[in-house]
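Topology and contacts: notes
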Amino acid sequence: VEQPNISMDEVLDVSANTFAADGTVEWVIPTVTAAPGQTVTLPIVAKSSSLEVAGGQFTIKAGSPIEFNSITTGDAYGYSIASNVSENTFLFSGVKGKVAAEDSVIGTLKYTVPADCPEGKYDIKWSESTVSAARGINVTSKVKFTDGEQDVILVTKEGMSIHFKETDVRSTGR
């Protein structure tokens, strides 16, 4: 941190009192496969981390009819996650920044797939995200937010199902 410059006229110049946070990080919500009636957990994972993070506030929304249940705090930054469940908004905050270890968990989301949920893909998306370093420096632009999804498949009473990735299936030319 640069010290303020004091001129001969005894005027205090504080314009140089800033510092920049270096590094980047990716916050990943995974894609999971579930069946109607199941409860699933999705760990939010820190990847390629070199950025000191002291706090974050974000909204995570799942496509309807997937229902949010809860979030638990992970070990990535060492601060508890608070939530506003009705808004699906979450935050954590501390005084000191920390670089998350590779694949450390920021928090774990828990969702329920309704029993009558149709088969399909349901996005789980980041929005309204703000991340800060120590001293409240905004570092949101240095964080890559990767959305996840729930892929709901139908299962018979006998537990039989079949699932293909779209990229693994040939076009039928209909």
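Above this note sits the structure.
What counts, and at which threshold
- Residues numbered from 1 in each chain as written.
- Predicted model: local features only at pLDDT ≥ 70, side-chain atom pairs only at ≥ 80, totals over all residues.
- Heavy atoms only, no water.
- Helix = DSSP H or I, 4+ residues; strand = E, 2+ residues; numbered from the N terminus.
- Buried < 20%, exposed > 50% of the residue type's maximum accessible area, 1.4 Å probe, protein only.
- Contact = heavy atoms within 4.5 Å.
- Areas by Shrake-Rupley, 256 points an atom, 1.4 Å probe, with all protein chains shown as cover.
- Pairing = 2+ DSSP bridges.
- Axes fitted to C-alpha atoms, helices over the stretch in contact; angles between N-to-C directions.
- Core = buried A, V, L, I, M, F, W, Y, C linked by side-chain atoms within 4.5 Å.
- Phe/Tyr/Trp six-rings, centres within 6.5 Å; stacked < 30°, edge-to-face > 60°.

Okay, the overall build of the protein chain next. From N to C terminus, the protein chain includes zero helices and 13 strands. When the helices and strands of the protein chain are listed from N to C terminus, the series reads β-β-β-β-β-β-β-β-β-β-β-β-β. The buried share among the 174 residues of the protein chain stands at 34%. Partitioning the intrachain contacts of the protein chain with sequence separation of at least 6 by distance along the chain shows that 75% fall at a separation of at least 24. Split by element, the accessible area of the protein chain, about 10,700 Å² in all, is 50% carbon and sulfur.

Here we have five strands laid out as an open sheet, ordered E7-E10-E5-E3-E12, and mixed in their pairing. Looking at the sheet topology across the chains shown, the edges are occupied by strand E7 (67–73) and strand E12 (143–146). When the angles between neighbouring strand axes are averaged without regard to direction, this sheet yields 15°. Relative to strand E10 (residues 105–112), E7 is paired through six bridges, and the arrangement is antiparallel. Bridge assignment links serine 70 to a residue of E10, and that residue is lysine 110.

So, on to the nonpolar core. Residues Trp27, Ile60, Tyr77, Ile106, Leu109 and Tyr111 are the most contacted members of the largest nonpolar core, which totals 35 residues. Listing elements by their share of this core, those giving two or more residues are strand E3 (25–28), strand E4 (31–34), strand E5 (39–47), strand E6 (52–62), E7, strand E9 (89–99), E10 and strand E11 (120–132). Residue contacts for leucine 109: discarding those within four places in its chain leaves Val40, Thr41, Leu42, Ile44, Ile60, Phe68, Ser70, Ile71 and Phe90.

What follows concerns the packing of aromatic side chains. Using the criterion set out here, one finds 11 aromatic pairs in the structure. With centroids separated by 5.5 Å and ring planes inclined at 55°, the aromatic side chains of phenylalanine 68 and phenylalanine 90 adopt a geometry described as tilted. Here phenylalanine 90 lies in strand E9 and phenylalanine 68 lies in strand E7, a separation of 22 residues in the sequence. Judged by its relative accessible area of 16%, phenylalanine 68 falls in the buried class. When its relative accessible area of 1% is taken as the criterion, phenylalanine 90 is described as buried. On the numbers, 5.7 Å between centres and 70° between planes, the contact of phenylalanine 68 with tyrosine 111 is edge-to-face. Separated by 43 residues along the polypeptide, phenylalanine 68 in strand E7 and tyrosine 111 in strand E10 bring together distant segments of the chain. Overall, the relative accessible area of 1% leaves tyrosine 111 in the buried class.

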